[in-house]
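# Fold and contact review
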Amino acid sequence: MIMQKAAGIVMFVADFHIHSRYSLATSRDCVPEMLDVWARRKGLSLIGTGDFTHPAWRAELMEKLTSAEEGLYTLREDLRIKDDTAGCQPAARFIVSGEISSIYKQDGRVRKVHNLILLPSLEAADKMSRRLEALGCNLSSDGRPIIGLSSRNLLEITLETAPDAVFVPAHIWTPHFSLFGAYSGFDDIQACFGDLTAHIHALETGLSSNPAMNARLSALDGYTLVSNSDAHSPANLAREASLFDAELSYPHIAQALDGRNPGAFLGTLEFFPEEGKYHYDGHRGCGVRMKPSETMAANGVCPVCGGRITVGVLHRVEALADRAEAAKPPRVQYFESLIALREVIAASFGVTTASKKAGAQYAAMLRELGPELFILRDAPLEDIARHADARIAEGIRRLRSGQVDIQPGFDGEYGKIRLFDPQELPSRPV
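Now for a look at the structure at hand. (Residues numbered from 1 in each chain as written. Predicted model: local features only at pLDDT ≥ 70, side-chain atom pairs only at ≥ 80, totals over all residues. Heavy atoms only, no water.)

### As for the overall build of the protein chain
Cut-off, in case you're wondering: Each helix corresponds to a stretch of at least 4 residues labelled H or I by DSSP, and each strand to a stretch of at least 2 residues labelled E; elements are numbered beginning at the N terminus. Radius of gyration means the value over C-alpha atoms here, while the globule rule gives 2.2 Å times the residue count to the 0.38 power. Using a 1.4 Å probe on the protein chains alone, a residue whose accessible area is under 20% of its type maximum counts as buried, one over 50% counts as exposed, and one in between counts as partly exposed. Only heavy atoms enter the contact rule, under which two residues are in contact if any of them lie within 4.5 Å.
Counting its regular elements, the protein chain contains 14 helices and 18 strands. At 21 Å, the protein chain has a C-alpha radius of gyration in line with the 22 Å of a compact globule built from 430 residues. Its C-alpha atoms give the protein chain principal-axis dimensions of roughly 60 × 60 × 40 Å. Going through the 430 residues of the protein chain one by one, you find that 57% of them count as buried. The long-range share in the protein chain, meaning contacts at least 24 apart out of those at least 6 apart in sequence, stands at 69%.

### Quick notes on the pattern of salt bridges
Applied cut-off: Here a salt bridge means any side-chain nitrogen of Lys or Arg lying within 4 Å of a carboxyl oxygen belonging to Asp or Glu.
The tally for this structure, following the rule as stated, stands at 26 salt bridges. The partner of Asp-405 in a salt bridge is Arg-418, and the shortest N-O contact between them spans 3.5 Å. You can see Asp-405 sitting in strand 17 (residues 405-407) and its partner Arg-418 sitting in strand 18 (residues 416-418), a full 13 residues away along the chain. Take Asp-405: its relative accessible area is 41%, and that puts it in the partly exposed class. For Arg-418, a relative accessible area of 37% puts it in the partly exposed group. Because the salt bridges share partners, they merge into one network encompassing Arg-21, Glu-33, Glu-60 and Lys-64.

### Observations regarding helix 2 (residues 55-64)
To keep it simple, the criterion reads: Here the arc refers to the directions that run from the helix axis out to each C-beta atom.
Turning to helix 2, its buried residues number three or more, namely Trp-57, Arg-58, Glu-60, Leu-61 and Lys-64. Taken end-on, helix 2 shows its buried residues confined to a sector of 160°, consistent with a single buried face. The elements touched by buried residues of helix 2 are helix 1 (32-42), strand 4 (65-67), strand 5 (73-75) and helix 3 (122-134).

### So, the packing of helix 10 (residues 341-349) against helix 11 (residues 356-369)
Short version of the rule: Note on method: axes are straight lines fitted to C-alpha atoms, helices fitted across the in-contact stretch only, with angles between N-to-C directions ranging 0 to 180 degrees. Oblique is the label for any angle not under 35 degrees, not over 145, and not in the 65 to 115 range, which are roughly parallel, roughly antiparallel and roughly perpendicular in turn. Here a crossing is taken to be left-handed if its near helix is turned anticlockwise relative to the far helix by less than a right angle, and right-handed if that turn runs clockwise.
Look at helix 10 against helix 11: their axes get within 9 Å of each other, and the N-to-C directions meet at 125°. The pairing of helix 10 with helix 11 is recorded here as oblique in orientation. In this structure, helix 10 meets helix 11 at a crossing whose hand is right-handed. Where helix 10 abuts helix 11, its residues Leu-341, Arg-342, Ile-345 and Phe-349 lie against Lys-357, Ala-358, Gly-359, Gln-361, Tyr-362 and Met-365.

### Let's talk about the packing of aromatic side chains
Two numbers describe a pair of aromatic rings. These are the distance of the centres and the angle of the planes. Note the following rule: Aromatic pairing here means that ring centres of Phe, Tyr or Trp (its six-membered ring) are within 6.5 Å. Orientation follows from the plane angle: under 30 degrees is stacked, over 60 is edge-to-face, and everything else is tilted. Look at NZ for Lys and CZ for Arg. If either is within 6 Å of the ring centre and within 35 degrees of the ring normal, a charge sits over the ring.
Evaluated as defined, the whole model comprises eight aromatic pairs. Relative to Phe-244, the ring of Phe-12 has its centre 5.3 Å away and its plane inclined at 10°; by these criteria the two rings are stacked. Remark: Phe-244 occurs in strand 12 (residues 241-244) and Phe-12 occurs in strand 2 (residues 10-15); sequence separation between them is 232 residues. Neither residue differs from the other here; Phe-12 and Phe-244 are each classed as buried. Ring centres 6.4 Å apart and planes at 55° place the aromatic pair Phe-271 and Tyr-414 in the tilted group. You can see Phe-271 sitting in the loop between strand 13 (265-270) and strand 14 (281-283) and its partner Tyr-414 sitting in the loop between strand 17 and strand 18, a full 143 residues away along the chain. Each residue in the set Phe-12, Phe-16, Phe-244 and Phe-265 is aromatic and connected to the rest through ring pairs, giving one cluster. Here Arg-41 stacks its cationic end above the ring of Trp-38, 4.5 Å away from the centre of that ring. Residue placement shows Lys-357 over the ring face of Phe-349; its charged tip is 4.8 Å from the ring centre.

Nothing here speaks to function; it is all geometry.
Printed below as a string of structure tokens:
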């Protein structure tokens, strides 16, 4: 959805990093028809196709998508689902995208780095996939393939195949599979990409960090920091996303990301980083959650079982940071922290997100008020109270003002967010 902000800025919201039903541990609903309807429910103008390397998914995309603006696609009109919770939102645009997992040895260590690639066409996706297959890469076993190429060599092949491709290191702080991962990553970008580092212009911050945390590293000052959902089900689209003030076309999006069009990239919509499942250190098996200082005091050992503590994103950021937490960097990229609307509804009623009550209220709000991101960010609170419930309006007010209580996530377990004290909620679920 194209959104008009109060300050007069016309913008659209994009979510580049998603997955298809061909990726492991994904919903069967990750098909173009459901991705389109959920993008409209969320208020997204643009979503990635995800998984462009998978031959069956690429064939499905070629069958079901039709060309729209330059380098973008839309679902065929005869396949669009008519749904009153999607309102009159226009069909979502798709941009060709895919995540590739590179596992390789460099400088005597095993490296595991995930990278997100945007391409200008399905034809370019087919060409690049055939190039990777010719090198012996198995692309048909998983929508997010594991290949033995280094990140640097994958970048080289990408640029040779599609010079206007956008190559983005994915969720750069995730402990096990990322550029700065504590267990298999690098301490700086140059070490990962070598002589091709200048071709990296954007970085994906991931669910467990935000631009303020990334601003503690001066080495990241010149990069565009993008956020995406990494959704494994359509309902998780837009849990993080990126904001643009640019023409809706591949060339203009690429220019916004690499800085050739200053001001076209506006910022991001973020998780509260504490909600991410690798924000704090910890050992999930023992239920142990630790601050970085506590991990260091314990020499990285779980106090319950004596096993290794999983070092989280906050710890890793502090290890590499050259600015103190209280320092004022020259610039912190604009961002907003959000909670999914269904979570706000559940918290307001004291029920689970999976409850029928939360689901029915969610659908009713979309029908009455508009897409989810509009409700969370812009809908007048009095309208929310009138069409939904005063507690939900109060929950969204608290969300917008940052009045949230968070139990940080750790070692693969998402954090828990509380908007209301228990005594503020009904004595029994409504």
